[in-house]
Amino acid sequence: MRTFTRATLSALLSTSILAGAALAQDTHPETGEPLAADQTFTYRVLDEHSSVDPQVVEDVSGSEIVRDLFEGLMNQDEDGELVPGVATGYEVSDDKLTYTFTLRPEAVWSNGDPVTANDFVFAWRRAADPALASPYQWFIELMSLENASEIVAGDMAPEELGVTAIDDHTLEVRLTSPLPYFPFMTTHATTFPAPQSVVEEFGANWTKPENIVSNGAYVLTEHLPNERSVRERNEMYWDNDNTIIDKVVALVINDENVALTRYMAGELDRTEVPAGQFPRLSEEYPDEAISFPRLCNYYYTFNLSDSGPEAFKDVNVRKALALAVDRKIIVENILAGGQPEAYTFTPAAVAGFEPPATEMAGMSQADRDAMALELLAEAGYGPDNPLSFEMVYNTSEAHQKVAVALSQMWKQKLGVDAQLANMEWKVFLEERGNQNFELARGAWCGDYNEASTFLDLLDSASGYNDGKYANEAYDKLLEDAKTADDTTPLYTEAEQILAAEMPVIPIYHYAGVYMMDSDVGNWPVNNVEQNWYSKNLYKIAE
Amino acid sequence: MTAYIIRRLLIAIPTLLLLVVASFFLMHTAPGGPFTSERPLPPEVLANIEARYGLDQPLWKQLWDYLTNIVLHFDFGPSFRFKDRDVNDIIAQGFPISLTYGSLAFIAASVVGISLGVAAAIRHNTWIDYFAVSLGIAAQALPNFIMGPILILTFTLWLGWLPGGGWNGGQWQYLVMPVIALSTSYMGNIARITRSSMLEVMNSNFIRTARAKGLPARTVIWRHALKPTLLPVISYLGPVFVYVLTGSVFVDLYFSTGGLGQSYVSSALTRDYAVLLGVTILYGGLTVVVNLATDLAYAWFDPKIRY
């Protein structure tokens, strides 16, 4: 049976025959590196994934699995650039409102059925449907699909969504407003196709290993909740002949130190490096300890709403506190994992973003401290009238270390009295969301590789703007950016406004800090979103 | 006796009901809900989700629906966090795992603990006594969250004998470390309680009488001393059995065993109401049954107790 299907497939795919021949020699077809006999990639995940249903999944570890099991219209390559997935390409209309994707005819589901445009239509309607109640309905709205908001609100039927199957291999998508990064959004799990017949047959149980049918390079073969999930090569995948990794195992290990021990014992190919251990590990294992920039920021936000302290309404106070933070100490001595210091809200690693040359970034720390003292005195705070406030963060050892360092810096340099308070995660979110705080920790990871995913957070209308910062000029720049051809100068200007007004204190930008077995080939360190595909990895013979 | 058991089981029903109601309201008073997230959901999306899980209903209605579903369909509802699974699923998958290593740890702790305690008492003030006491204290001083990492470092990294975690259907290699980590501190306690109880029993009149009759030491200990010695141990063991199951969160955390302990704690942190309530009911029911079993064991060990 298997040989039969393989033979049929190779007959269909004349191009893949060459690649198949190269693989038979057990060397990588492009790099020529010798390949290991056992092509199993095993990695650690912090927590059990929420789901492997593409329209429902909402966490990173779940999305990683879904990206292997399902294939969307477009994929990302090692640098995060768009490459064809199920779609061989797309055309966009002159008004940038209609996209037409051409799907490859050879794409099939793991049960042999062809992947058609209707599978995408079904999936996208499903994602928007209030009946499924996916937490990622907002993503369908974010995509600006025609009628998306009305469907989510229950005012229209899901069938009204702006997506149509012109024929089996042509998908038409209609937007309500132009969205420069729309094609990138088709690499997100929410937009992956779903097998209608299987979903309807098994209902919520369709993602169980015994039921699931998928169209990606892998199929789910085993799932032991809170322990492991296993995905194995999908022989039916259209590009199967170019897939090298046979099996991918995700092990749930909650404790990062235990995970590191198990990595050392050879049970894992990849694990996270616990905070502070990177310098030691990179010295002992220079080939294995790696660090690269990620699309996430770490900041403290002032409460600028009516319930916030009067002192923070003075820009000089905000600037003084931001200036007095010695980011070098936090990055080098506390985190020590190669994280970049942050002087802008948006990480410099974001595509098409040029950080402005802000005044603060160019100064020495001594000058910053001196200026901070001056500004604070101007605002009327000093030894006679010390500034005092409470800063909150969610309970975690790493956040506590940063908070203690910040409060000490402010105490020593400015005589400011910042009291620390930590809260359990859900309580923290609730309090911060209701503006029951003075200064609060925040962090954000980009949903897509574009500066607006960060800058939108401080839009006065944004639901994520917990500090309630409001600036018309800033909002206007973001509005303009939605339709502009060149967004780079607009985003740079927006960051300049933030640097001048300092509604948040950027502390650092995240880095991916891993122990990665040196026999893992082609890990996409340059993909700042860390959207990795197991089908592009390989194991080198040791 | 049968009437007593039936009566106790009937009392369990209102007890569990009270437990559910109290947990339900406590749970809802905790700030934040299952769908509070760093990325606040747009109100229309949140409304859809709450409607799907019935969270838009008044609390009393939610509680009523929850209880009727359990009674009529034995359905504990969907997990709010793990969208592909429901509570019945989660318990059916996690509880056998917790029960397996929990029972093994319980047996290991009881057998080794009681043996150590008895050995220490009958060889009172000899090197065996000192050895058993030191071992007991050491075991007691090593809670499972310390034992876990130490064991993994020793057996996985340095010696390379055992896999560092996982379950794999409960093969013995995967069981060794969880069982040791979970049992040691209870083992120490059991040894200490057994030893002091045995010392007391050995000094009592009926033992002196037994000895005076000329019975061999072995018979005195096994037939006459052991049963009364174990009475205080039994009353300690009852709660321990429930503890090894509920307290197994550290084992799940360090050894990725996939048991229920980890699901329980994380359901509280993520406000996964249905899982939290479901596991609470399970553990509540278990406590009731174990307490009853302890009381019945009393009657067997102590002829003075009759129901």
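Structure's up top.
Residues numbered from 1 in each chain as written. Chains lettered and ligands numbered in written order. Predicted model: local features only at pLDDT ≥ 70, side-chain atom pairs only at ≥ 80, totals over all residues. Heavy atoms only, no water.

(A) Expanded view of the overall build of chain B. When helices and strands are counted, chain B shows twelve helices and zero strands. Starting at the N terminus and ending at the C terminus, chain B contains elements arranged as α-α-α-α-α-α-α-α-α-α-α-α. Projected onto its principal axes, the C-alpha positions of chain B cover 85 × 55 × 30 Å. In chain B, which comprises 307 residues, the proportion classed as buried is 48%. (Helix = DSSP H or I, 4+ residues; strand = E, 2+ residues; numbered from the N terminus. Buried < 20%, exposed > 50% of the residue type's maximum accessible area, 1.4 Å probe, protein only.)

(B) Geometry of the overall build of chain A. For chain A, the helix and strand inventory stands at 19 helices and 18 strands. By the compact-globule yardstick of 24 Å for 542 residues, chain A fits well, its C-alpha radius of gyration being 25 Å. Overall size of chain A, expressed as C-alpha extent along the three principal axes, is 85 × 60 × 40 Å. Taking all 542 residues of chain A together, 59% fall into the buried category. Counted over contacts in chain A with a minimum sequence separation of 6, partners at least 24 positions apart contribute 67%. (Rg over C-alpha atoms; globule rule 2.2 N^0.38 Å. Contact = heavy atoms within 4.5 Å.)

(C) Geometry of the nonpolar core. Of all hydrophobic cores here, the largest spans 164 residues; its most connected members are Phe101, Trp124, Leu145, Val173 and Phe182 of chain A. Ranked by residue count, the leading element in this core is helix H9 (residues 217-246) of chain B, at 14 residues. In this structure, valine 173 of chain A is in contact with Leu97, Thr98, Tyr99, Phe101, Trp124, Leu145, Gly162, Val163 and Phe182 of chain A, ignoring residues within four places of it in sequence. Formed by 66 residues, the second largest nonpolar core is a distinct cluster that contains Tyr299, Phe302, Ala379 and Ala405 of chain A. (Core = buried A, V, L, I, M, F, W, Y, C linked by side-chain atoms within 4.5 Å.)

(D) Representation of the pattern of salt bridges within the structure. This structure, assessed with the given rule, holds 26 salt bridges over all chains. Through salt bridges with shared partners, one network takes in Arg44, Arg270 and Glu272 of chain A. (Salt bridge = Lys/Arg side-chain N within 4 Å of Asp/Glu carboxyl O.)

(E) Spotlight on the sheet that holds strand E4 (residues 87-92) of chain A. Residues and elements named next belong to chain A. The four strands lie next to each other as E4-E5-E7-E6, forming an open sheet whose pairing is antiparallel. Of all the strands in the sheet, the pair left with one neighbour each is E4 and strand E6 (163-167). Recorded for the sheet is a direction-independent mean angle of 25 degrees between the axes of neighbouring strands. Direction of pairing for E6 relative to strand E7 (residues 170-174): antiparallel, over a ladder of four bridges. Pairing of alanine 165 across the sheet is with leucine 171, part of E7. Seen against the sheet, helix H4 (residues 117-128) touches strand E5 (98-103), E6 and E7 and runs at an angle of roughly 170 degrees to E6. (Pairing = 2+ DSSP bridges. Axes fitted to C-alpha atoms, helices over the stretch in contact; angles between N-to-C directions.)

(F) Structural context of the interface of chain A and chain B. The partner chain B presents 45 residues to the 50 residues of chain A that form the contact. Counting the surface lost from both chain A and chain B, the interface buries some 4000 Å², and carbon and sulfur atoms represent 52% of this. The tally of links from chain A across to chain B stands at five salt bridges. Residues glutamate 48 of chain A and arginine 85 of chain B are paired through a salt bridge, measuring 4.0 Å at the closest nitrogen-oxygen approach. Taken together, the links from chain A to chain B amount to 24 residue pairs in polar contact (both at pLDDT 80 or more). Elements represented by at least two residues in the side of chain A that touches chain B include exactly helix H5 (137-142), helix H9 (256-264), helix H16 (425-433) and strand E15 (439-445) of chain A. Take the side of chain A that touches chain B: its biggest share by element is six residues, from H16 of chain A. (Buried area = accessible area lost by both parts, 1.4 Å probe. Polar contact = N/O pair within 3.5 Å; in protein donor to acceptor, adjacent residues only side chain to side chain.)

(G) Geometry of unusual backbone geometry. All names here are of chain A. Residues other than glycine seldom take positive phi values, yet asparagine 147 does so here, at roughly 70 degrees. Tracing the chain through its elements places asparagine 147 in the loop between H5 and helix H6 (148-152). Positive phi outside glycine occurs at alanine 336, with the angle close to 50 degrees. Locating alanine 336 in the fold gives a position in the loop between helix H12 (327-335) and helix H13 (359-362).

(H) Layout of a nonpolar patch on the surface. Where nonpolar side chains cluster on the molecular surface, the patch consists of Trp127, Tyr130, Phe131 and Leu135 of chain B and spans about 500 Å² of accessible area. Mapped onto the fold, leucine 135 of chain B is located in helix H5 (residues 127-141). (Patch = residues over 30% accessible without salt bridge, like charges linked within 9 Å, V, L, I, M, F, W, Y side chains within 5 Å. Areas by Shrake-Rupley, 256 points an atom, 1.4 Å probe, with all protein chains shown as cover.)

(I) Looking closely at the side chain of threonine 190 of chain A. All names here are of chain A. Mapped onto the elements, threonine 190 comes out in the loop between helix H7 (182-185) and helix H8 (196-202). Side-chain polar atoms of threonine 190 contact the side chain of histidine 188, separated by 3.0 Å. Beyond its immediate stretch of four places on either side in the chain, threonine 190 contacts Pro54, Gln55, Ala127, Tyr136, Phe139 and Ile140.

(J) Representation of the packing of aromatic side chains within the structure. Applying the stated criterion to the full structure yields 38 aromatic pairs over all chains. Of the aromatic side chains, those joined through ring pairs into one cluster are Phe41, Tyr43, Phe292, Tyr514, Trp523 and Trp532 of chain A. Over the aromatic face of tryptophan 300 of chain B sits the side chain of lysine 227 of chain B, whose NZ or CZ is 4.4 Å from the ring centroid. (Phe/Tyr/Trp six-rings, centres within 6.5 Å; stacked < 30°, edge-to-face > 60°. Lys NZ or Arg CZ within 6 Å of the ring centre and 35° of its normal.)

(K) Structural context of the environment of proline 286 of chain A. Residues and elements named next belong to chain A. Within the fold, proline 286 resides in the loop between helix H10 (278-284) and strand E12 (289-302). Take proline 286: its relative accessible area is 56%, and that puts it in the exposed class. Here the alpha-carbon distance between proline 286 and leucine 73, two residues 213 residues apart in the chain, equals 38 Å.

(L) Highlighting helix H15 (residues 397-414) of chain A. Residues and elements named next belong to chain A. End to end, H15 covers 25 Å across 18 residues, agreeing with the expected 26 Å (1.5 Å per residue, within 8%). Residues His399, Val402, Ala403, Ala405, Leu406, Ser407, Met409, Trp410 and Leu414 constitute the buried set of H15. Looking one or two residues past H15, glycine 415 carries a phi angle of roughly 70 degrees, positive in sign. (Expected span 1.5 Å × (residues − 1).)

(M) Here's a closer look at the state of the cysteines. Residue and element names in this part refer to chain A. In the structure shown here, the tally under the stated rule is one disulfide over all chains. One disulfide bridge connects cysteine 296 with cysteine 445, the sulfur atoms lying 2.0 Å from each other. Taking the sign of the S-S torsion, about 105 degrees here, the bridge from cysteine 296 to cysteine 445 comes out right-handed. Of this pair, cysteine 296 sits in strand E12 while cysteine 445 sits in strand E15, placing them 149 residues apart in sequence. (Disulfide = S-S within 2.5 Å.)

(N) Region of interest: the environment of glycine 259 of chain B. Residues and elements named next belong to chain B. Within the element layout of this structure, glycine 259 appears in the loop between helix H10 (249-255) and helix H11 (260-269). Residue class for glycine 259 comes out buried when judged on its relative accessible area of 0%. Glycine 259 sits 164 residues away from phenylalanine 95 along the chain, and the two C-alpha atoms are 6.2 Å apart. With near-sequence residues (within four places) excluded, glycine 259 lies in contact with Gly94, Ile97, Ser98, Tyr101 and Asp252.

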